[in-house]
Amino acid sequence: MSVEDDPSTGGALRVRRRPPRTGAAVLVLHGGRAQSRSAARPWQLAALRMHPFLRALEAATVRDDVFLGQVRYGSRGWNGVAAEPLRDTRRALAELRGLVGDVPVVLLGHSMGGRAALRAAGADGVRGVVALAPWCPPGEPVAQLRGRDVLVLHGDRDRVTDPAESAAYVSRARAAGARAGMLLVADGDHAMLRHLAGWHRTATAAVAHLLAPEAAPGELFVRALAAAEPPVLHPARHDPPDRPQSPGPVWEPGC
């Protein structure tokens, strides 16, 4: 059932999967632009980039009571102090609560969506955040992460958002009381096309652990939380070949 089928969502929550009884929820947030008030559309590249993660989450979630949804932005940009995707994320969380009640929520966000997810982590019910190549500029607040679980994945060849800024953000989040860690994806790019199977596998495993914290976490998660410097994630030998990608950087942060 999509958001168009359910007027009770109010427009900021797009429903991907709604079980008869919901015990937990995952919301996926795509990227965008630093500045843009043009309308966000589901066929734009930033939104399409998250479809494989949605499919991986659907396949990897063994529990039959997990709600899966997406945050629907009104516009493509963060737009400075307006922080429009953060507003949309908070609306989506409120709409989710209205649909399924108070259940633990995990946020999975890429780039600008990672920034919005991290900012929204202080909302009631949010258990943790998995942030993929997040946009974490200096001075980004971290107090809202106290008591939350946070895992950041960032490619070491990212030319759009800065992995060093992500590492500094994780360090500040730990000091603020978050259980935070980071993994550096070897040869990883911002679009997550290099070693895409590793991105999908690691992100979905982290989400699965946050949905069931009573289960023993995977080795990578433990290493990320304990390490002073981000451990490096190398592609597995059995991963399929990467898709080709166009050369050249993308200059606008938060894409």
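This write-up is about the structure you can find in this document.

Definitions and limits used
Residues numbered from 1 in each chain as written. Predicted model: local features only at pLDDT ≥ 70, side-chain atom pairs only at ≥ 80, totals over all residues. Heavy atoms only, no water. Phe/Tyr/Trp six-rings, centres within 6.5 Å; stacked < 30°, edge-to-face > 60°. Helix = DSSP H or I, 4+ residues; strand = E, 2+ residues; numbered from the N terminus. Buried < 20%, exposed > 50% of the residue type's maximum accessible area, 1.4 Å probe, protein only. Pairing = 2+ DSSP bridges. Contact = heavy atoms within 4.5 Å. Axes fitted to C-alpha atoms, helices over the stretch in contact; angles between N-to-C directions. Salt bridge = Lys/Arg side-chain N within 4 Å of Asp/Glu carboxyl O.

## A look at the packing of aromatic side chains
Now for step 1: Inspection of every chain in the model, using the stated rule, returns one aromatic pair.
Now for step 2: Judged by centre distance (6.2 Å) and plane angle (75°), the ring pair of tryptophan 78 and tryptophan 135 falls under edge-to-face. Here the residue tryptophan 78 occupies a position in the loop between β3 (66-71) and α3 (84-100), and tryptophan 135 occupies one in the loop between β5 (126-132) and β6 (149-155), the gap between them amounting to 57 residues. Both residues of the pair, tryptophan 78 and tryptophan 135, belong to the buried class.

## A few points about the pairing of strand β2 (residues 24-29)
Now for step 1: Burial runs high along β2: six of the six residues are buried.
Now for step 2: On β2, burial covers both faces: Ala24, Val26 and Val28 on one face and Ala25, Leu27 and Leu29 on the other are all buried.
Now for step 3: Here β2 pairs with β3 via five bridges, running parallel. Within the sheet, the bridge partner assigned to leucine 27 lies in β3 and is glycine 69.
Now for step 4: In this structure, β2 lies alongside strand β4 (residues 105-110), joined through five bridges in parallel fashion. When the bridges of β4 are listed, valine 26 appears paired with valine 106.

## Considering the sheet that holds β3
Now for step 1: Spatially, eight strands are ordered β1-β3-β2-β4-β5-β6-β7-β8 in an open sheet, and the strand pairing comes out mixed. A strand with exactly one partner marks an edge of an open sheet, and here the two such strands are β1 (13-17) and β8 (232-233).
Now for step 2: Strand direction decides the pairing type here: β6 and strand β7 (residues 179-185), joined by seven bridges, are parallel. The residue bridging aspartate 149 from the neighbouring strand is arginine 179, located in β7.
Now for step 3: Those strands touched by helix α4 (residues 112-119) are β2, β4, β5 and β6, and its axis lies near 150° from that of β4.
Now for step 4: Its contacts with the sheet place helix α6 (residues 196-211) against β2, β3, β4, β5, β6, β7 and β8, and it is angled at close to 170° to β5.

## Concerning the pattern of salt bridges
Now for step 1: On inspection of all chains with the given rule, the structure shows 12 salt bridges.
Now for step 2: Among the salt bridges present, the one from arginine 21 reaches aspartate 65, with a minimum N-O distance of 3.8 Å. Here aspartate 65 lies in the loop between α2 (51-60) and β3 and arginine 21 lies in the loop between β1 and β2, a separation of 44 residues in the sequence.
Now for step 3: Taken together, the salt bridges that share partners define one network made up of Arg37, Glu84, Arg87, Asp88, Arg91 and Glu95.

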